[in-house]
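Geometric and topological summary
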Amino acid sequence: MGRAWAIIERELRRFRRSPVLIAMSMTMPIVQLVVLGYAFGGNVKHLKVAIVDQDHGVPAVKVRELASAISSGARTIDLVDYTDQGAAINDLRDGRVNGVLTIPAEFSRRVLAKNEPRVALIEDNTDNFVSSALAATLGGMLVTYNQPAMTPRIRSATALDVVEVYPYVPYIQYLLPGSVVMSIFMMVMIGGGIIFIDDKARGLHEGYLVTPISKFELIAGFNISGTIKAVMAGMFLMIIGSVIAGIPSPFDPFRLMRLFVVIVVTAFALISLMFLLMVRVTDPLLPRAIFGVLNTLLYFPSGAVYPQQGFPGWMHVIAVIDPFTYAVHAFKCLLLKNTGFGAITFDLAFLLIFSAFAMSAATSLFKRTL
């Protein structure tokens, strides 16, 4: 590991001598955050709605039938039956469902008594696109429910009570998680594999190859140094961006600790991906040519600027294997919902497994030749 540390120290010293590069990599995502956050669709589909029927009467059955019709027709929502409202709300907080439709126990009695019957939609309003789509869809469903048959049967219209779990989330806050990941990725693009390609172009890599350093130590040195740089950029934007976007309690130490863990794991996953892509590249112009395409393929399918439920099928395939997807989801949970590690366990697991795979593949593909 001492030989790998020599690579890390060299890269950090070289990084320190490029203040303009450091400033650009840290400020450009902030500019993007501010511009897009104050600026911005696709129809949102397959939103998971937990339905809790506490009534089971005939009027409640009709509500369930109309919801099922929307699920099988327009496919805006996918229904998930729950018997316990508490469990449904817990799953809502952890992101397993997008909303909870509750039919209260006295619903049928109020319908028959024409005494202002109501159902409730409890929604995760950290995503304005999703919450608006849910409210509009279920509100329209109740308009249909209240339509009379041949003769009016329901004189008192059923209304929908919308309960928001979180305070209002401006779009700039919604965009912040993606901007943090982008700041990490921008630092990754100028570190790791591309540094070795520049060394190849200058002939400096010969100095590595005549030393007893192993392939794994060399790759680990570049990746760890790139991770350190990316963590600096990610923490900087996360703190400054949280203040600009108005995130509540941005300096909460427990939240900062969880965010730091996610930033480190994300940075290492992305730097490992970059080295894997560049491990056999020799032309220094090629990385610069593909950065724009790579940025588009990773950033936009991740759900950073628009919910993935509005994507076509082929973009869903990209999103499933995109490490940005899991990093953005983890940052959304921590920054917008202030959840614990329980809500992001799968995200961290995917990024760690992805890092291990990318490191292993890069090591096997790397050639210690001139």
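Now for a look at the structure at hand. (Residues numbered from 1 in each chain as written. Predicted model: local features only at pLDDT ≥ 70, side-chain atom pairs only at ≥ 80, totals over all residues. Heavy atoms only, no water.)

Right, let's talk about the nonpolar core for a bit. Phe-107, Met-141, Ile-184, Phe-185, Met-274, Phe-324 and Phe-331 are the most contacted members of the largest nonpolar core, which totals 83 residues. Broken down by element, this core gets its largest block of residues, 13 residues, from helix 7 (residues 171-189). Core analysis: the next-biggest nonpolar cluster, separate from the first, contains 11 residues, Ile-195, Phe-222, Met-359 and Phe-366 among them. (Core = buried A, V, L, I, M, F, W, Y, C linked by side-chain atoms within 4.5 Å. Buried < 20%, exposed > 50% of the residue type's maximum accessible area, 1.4 Å probe, protein only. Helix = DSSP H or I, 4+ residues; strand = E, 2+ residues; numbered from the N terminus.)

In this section: the sheet that holds strand 2 (residues 77-82). Pairing in this open sheet of 5 strands is mixed, and the strands run 2-1-3-4-5 from one edge to the other. Edge positions in the sheet fall to strand 2 and strand 5 (159-164), since each of these pairs with one other strand and no more. When the angles between neighbouring strand axes are averaged without regard to direction, this sheet yields 25 degrees. When strand 1 (residues 47-53) meets strand 2, the two strands line up parallel, connected through 6 bridges. Pairing of Leu-47 across the sheet is with Ile-77, part of strand 2. Each of strand 1, strand 2, strand 3 (99-103) and strand 4 (118-123) touches helix 4 (residues 85-93); the most contacted strand, strand 3, lies at about 160 degrees to it. Of the strands in this sheet, strand 1, strand 2, strand 3, strand 4 and strand 5 touch helix 6 (residues 128-145), which is tilted by about 165 degrees from strand 4. (Pairing = 2+ DSSP bridges. Axes fitted to C-alpha atoms, helices over the stretch in contact; angles between N-to-C directions. Contact = heavy atoms within 4.5 Å.)

Moving on, we come to the packing of helix 11 (residues 253-278) against helix 15 (residues 345-365). Contact geometry for helix 11 and helix 15: axes closest at 8 Å, N-to-C directions at 30 degrees. Comparing their axes, helix 15 and helix 11 come out roughly parallel. Of the two elements, helix 11 crosses helix 15, and the hand of that crossing is left-handed. Contacts between helix 11 and helix 15 pair Val-262, Val-265, Thr-266, Phe-268, Ala-269, Ser-272, Leu-273, Phe-275 and Leu-276 from the former with Leu-348, Leu-351, Leu-352, Phe-354, Ser-355, Ala-358, Met-359, Ala-361, Ala-362 and Leu-365 from the latter. (Parallel < 35°, antiparallel > 145°, perpendicular 65-115°, else oblique. Left-handed = near helix turned anticlockwise from the far one by under 90°.)

Before going further, it helps to spend a moment on the environment of Ser-214. Considering the arrangement of structural elements, one finds Ser-214 in the loop between helix 9 (205-209) and helix 10 (215-245). Between the C-alpha atom of Ser-214 and that of Thr-363, which follows or precedes it by 149 residues, the distance is 9.6 Å.

Once that is clear, we can look at helix 14 (residues 323-336). Its 14 residues give helix 14 an end-to-end C-alpha distance of 20 Å, which sits within 8% of 20 Å, the value for a rise of 1.5 Å per residue. Between the side-chain oxygen at the start of helix 14 and the backbone nitrogen of Phe-324 there is a gap of 2.9 Å, and the oxygen is on Asp-322. After helix 14 finishes, the residue Asn-338 shows a positive phi value of roughly 55 degrees. (Expected span 1.5 Å × (residues − 1). Polar contact = N/O pair within 3.5 Å; in protein donor to acceptor, adjacent residues only side chain to side chain.)

So, about the pattern of salt bridges. Taken as a whole, this structure holds 5 salt bridges when the rule is applied. In this structure, the salt-bridge partner of Asp-81 is Arg-64, at a minimum N-O distance of 2.9 Å. Note that Asp-81 is positioned in strand 2 and Arg-64 in helix 3 (residues 58-72), a separation of 17 residues in sequence. On the basis of relative accessibility, which here comes to 55%, the residue Asp-81 falls in the exposed class. Residue class for Arg-64 comes out partly exposed when judged on its relative accessible area of 25%. Among the salt bridges present, the one from Arg-96 reaches Asp-94, with a minimum N-O distance of 3.1 Å. Its relative accessible area of 46% is what places Arg-96 among the partly exposed residues. Each member of the salt-bridge network shares a partner with another, and the members are Asp-91, Asp-94 and Arg-96. (Salt bridge = Lys/Arg side-chain N within 4 Å of Asp/Glu carboxyl O.)

This part is about the pairing of strand 1. With 6 of its 7 residues buried, strand 1 lies for the most part within the structure. Once the chain exits strand 1 it traverses helix 3 before rejoining the sheet at strand 2, and the crossover so formed is right-handed. (Right-handed = clockwise from strand over helix to strand, strands pointing away.)

Among the structural elements, Arg-258 can be located in helix 11. Look at Arg-258: it is buried, it has no salt bridge, and the nearest opposite charge is Asp-252 at 4.8 Å. Among the polar contacts made by the side chain of Arg-258, one reaches the main-chain carbonyl oxygen of Thr-339 at a distance of 3.2 Å. (Lys, Arg positive; Asp, Glu negative; His and termini not counted.)

Tallied over the full model, the rule gives 8 aromatic pairs. Cluster of aromatic residues (ring-pair linked, three or more members): Tyr-326, Phe-346, Phe-350 and Phe-354. Its guanidinium or amino end placed over the ring of Tyr-145, Lys-62 lies 4.9 Å from that ring's centre, counting from NZ or CZ. (Phe/Tyr/Trp six-rings, centres within 6.5 Å; stacked < 30°, edge-to-face > 60°. Lys NZ or Arg CZ within 6 Å of the ring centre and 35° of its normal.)

On the surface, Phe-236, Ile-240 and Ile-244 cluster together to form a nonpolar patch covering roughly 210 Å² of accessible area. Relative to the assigned elements, Ile-244 resides in helix 10. (Patch = residues over 30% accessible without salt bridge, like charges linked within 9 Å, V, L, I, M, F, W, Y side chains within 5 Å. Areas by Shrake-Rupley, 256 points an atom, 1.4 Å probe, with all protein chains shown as cover.)

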